[in-house]
Amino acid sequence: MKHTMRPSLPSLWKILLLYIAPVLFNTASIPAQVPVRSLDKPDIFTLDDCNQTACSPKLAVPYDQCQCQCDSSAQTFIEERKVEKCADQLEGCQNLVLGDNPGSIQPVIIPISGRTIAPSRALHIQVTNLTSEQLGKQYSCSINNAEYYSSYRWKNVDSFVGSLQYFGLDTQGDNIYLQWLAPENNVQDGKKIEGKLVKIHLDCQLKSDRNMSAGLCLAVKVAGSGQAAVPVEMGLSTPHLVLIICVAVVALVVIGIVTVLICVRKRKSKPKKEEEAAIVSKDAFSFKQTEAYVSSTPLCTSLSQDVTVHSQIDL
């Protein structure tokens, strides 16, 4: 008769702890809320224990009860377990940026299908930490895959519906724009990545040498979704805009100075005219007073009559 070996009670506990402990650990570490990300201010994230002294080590400042806000120098909260703090770049995905703002993770809005992601800025490749240039000038690219960060791991964006590719590129000359290619009127998939960090991997080839290829990565944070339409920005880059603004300011200052000088001259000339008018008025008044006095004096009246008579005799 064979005896079947049954696991002892301590062995069962060890097996249970081996599989359950990591799940419990991960669940306890997941933030209560997804970070609040917006287009015009640094990220806001919630602390599990409401201890706001933890804000500073994460490069943030206390914001509200149980919340911190990232510093302006590191505006994006990175949830990766090895990081878990505010930063301006995502490690391993920092050679591409939206627009000509090197060294920053740009917030975006997911629009309806077939529309350029807002704000509609052309992709740039970082040349140095402070400079970048248009990606389309040197490279022709295609999307490899895209990932979003959730529950302490990276997930494939295209896994929403089979192998559908959600991100695409729209090339217009030297400008390459990022697009959202979800099925028409499908806003739910866009909402799934709201508040999430997204990594978009590109396969690119040099236009001058098709044998030279490069794997590039763009990191963005999704601040919202479901916008109706986003026109492509065909406008000027930041340096050009700064130049235009400076010229406009200088022109306004010159116009203001000229206006002030004209007003000052008018004010200076006005008292002189008033003074001359007062002198003329005063002389006229004195003459009238003299004439009235002469006409009212009897001696002067008789003399004037004699002069009149003599003048008539002479005639």
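Conventions adopted
- Within each chain, residues carry numbers counting from 1 in the order of the written sequence.
- At least 70 in pLDDT is required for a residue's local features to be given in this predicted model, at least 80 for side-chain atom pairs to be given and counted, and no such filter applies to totals for whole chains, interfaces and linings, which use all residues.
- Just so you know, side-chain values use all the structure's heavy atoms and leave hydrogens and water out.
- The criterion is simple. A nonpolar core is a set of buried Ala, Val, Leu, Ile, Met, Phe, Trp, Tyr and Cys residues joined through side-chain atoms within 4.5 Å.
- Relative accessibility thresholds used throughout: buried, under 20% of the residue-type maximum; exposed, over 50%; partly exposed, between the two (1.4 Å probe, protein chains only).
- Runs of H or I in DSSP of at least four residues are treated as helices and runs of E of at least two as strands, each being numbered from the N terminus.
- Throughout, a contact is declared for two residues whenever any of their heavy atoms are within 4.5 Å.
- pLDDT: the predictor's confidence for each residue, scored from 0 to 100.
- When two cysteine sulfur atoms are found within 2.5 Å, that pair is recorded as a disulfide.
- Criterion used throughout: strands pair if DSSP finds at least two bridges between them.

What's the story with the nonpolar core in this structure? I'm lost.
Generally speaking, soluble globular proteins have nonpolar side chains that are buried together. Among the nonpolar cores identified, the biggest contains 30 residues, and Leu135, Phe167, Trp180, Ile200 and Leu202 are the most heavily contacted of them. When residues of this core are traced back to their parent elements, those giving at least two are strand 6 (96-98), strand 7 (106-111), strand 9 (123-126), strand 11 (139-150), strand 14 (175-180), strand 15 (197-206) and strand 16 (213-227). Among residues more than four places away in sequence, those in contact with phenylalanine 167 are Ile110, Ile117, Ile143, Ala146, Val157, Leu178, Gln179, Trp180, Leu181, Ile193, Val198 and Ile200. Counting residues in each nonpolar core, the second largest holds 11 residues, with Ala87, Leu90, Tyr149 and Trp154 among its members.

I would appreciate a short explanation of the side chain of lysine 199 in the present structure.
Assignment of secondary structure puts lysine 199 in strand 15. Residues contacting lysine 199, with those up to four places away along its chain left out, are Leu90, Cys93, Asn145, Ala146, Glu147, Trp154, Cys217 and Leu218.

So what exactly am I meant to see when it comes to the confidence of the model for the chain here?
Any region with low pLDDT has predicted coordinates that should not be read closely. Taken over all residues, the pLDDT of the chain has a mean of 74, while the share at 70 or more is 65%. Note on residues 307-315: pLDDT is under 50 here. Beyond four places in sequence and across chains, it has 0 contacts.

Got a minute to help me understand unusual backbone geometry in this structure?
Most of the time, phi is negative for any residue but glycine, and the peptide bond is trans. With an omega of -10°, the peptide bond between alanine 118 and proline 119 qualifies as cis. Relative to the elements of secondary structure, proline 119 occurs in the loop between strand 8 (115-116) and strand 9. Located in the positive-phi region is cysteine 50, a residue other than glycine, with phi close to 60°. By the secondary structure assignment, cysteine 50 is in the loop between strand 1 (44-46) and strand 2 (60-62).

Would you explain the state of the cysteines in this entry?
Two cysteines whose sulfur atoms are joined by a covalent bond form what is called a disulfide. Scanning all chains against the criterion turns up 5 disulfides. Between the sulfur atoms of cysteine 55 and its disulfide partner cysteine 68 the distance amounts to 1.9 Å. Handedness of the cysteine 55-cysteine 68 disulfide follows from its S-S torsion of about -70°: it is left-handed. Here cysteine 55, found in the loop between strand 1 and strand 2, pairs with cysteine 68, found in strand 3 (residues 67-70); they are 13 residues apart in sequence, far enough to count as distant. Between the sulfur of cysteine 70 and that of cysteine 86 lies a disulfide, 2.0 Å long from S to S. Since a negative S-S torsion denotes a left-handed disulfide, the cysteine 70-cysteine 86 link at about -75° is left-handed. Placement of the pair is cysteine 70 in strand 3 and cysteine 86 in strand 5 (residues 85-87), with a sequence separation of 16 residues. On the accessibility criterion, cysteine 70 (3% relative accessible area) is buried. Each bonded cysteine in the chain gets a number by its place in the sequence, and the pairs come out as 1-3, 2-4, 5-6, 7-10, 8-9.

I tried to follow the sheet that holds strand 8 on my own but got confused; where do I start?
The strands making up a sheet associate through backbone hydrogen bonding, with each pair oriented either parallel or antiparallel. What the 3 strands build is an open sheet, ordered 8-14-13; its pairing is antiparallel. If you trace the sheet from one side to the other, it starts and ends with strand 8 and strand 13 (167-172), each paired once. With 2 bridges connecting them, strand 8 and strand 14 associate as antiparallel partners. The residue of strand 14 that forms the bridge with threonine 116 is glutamine 179.

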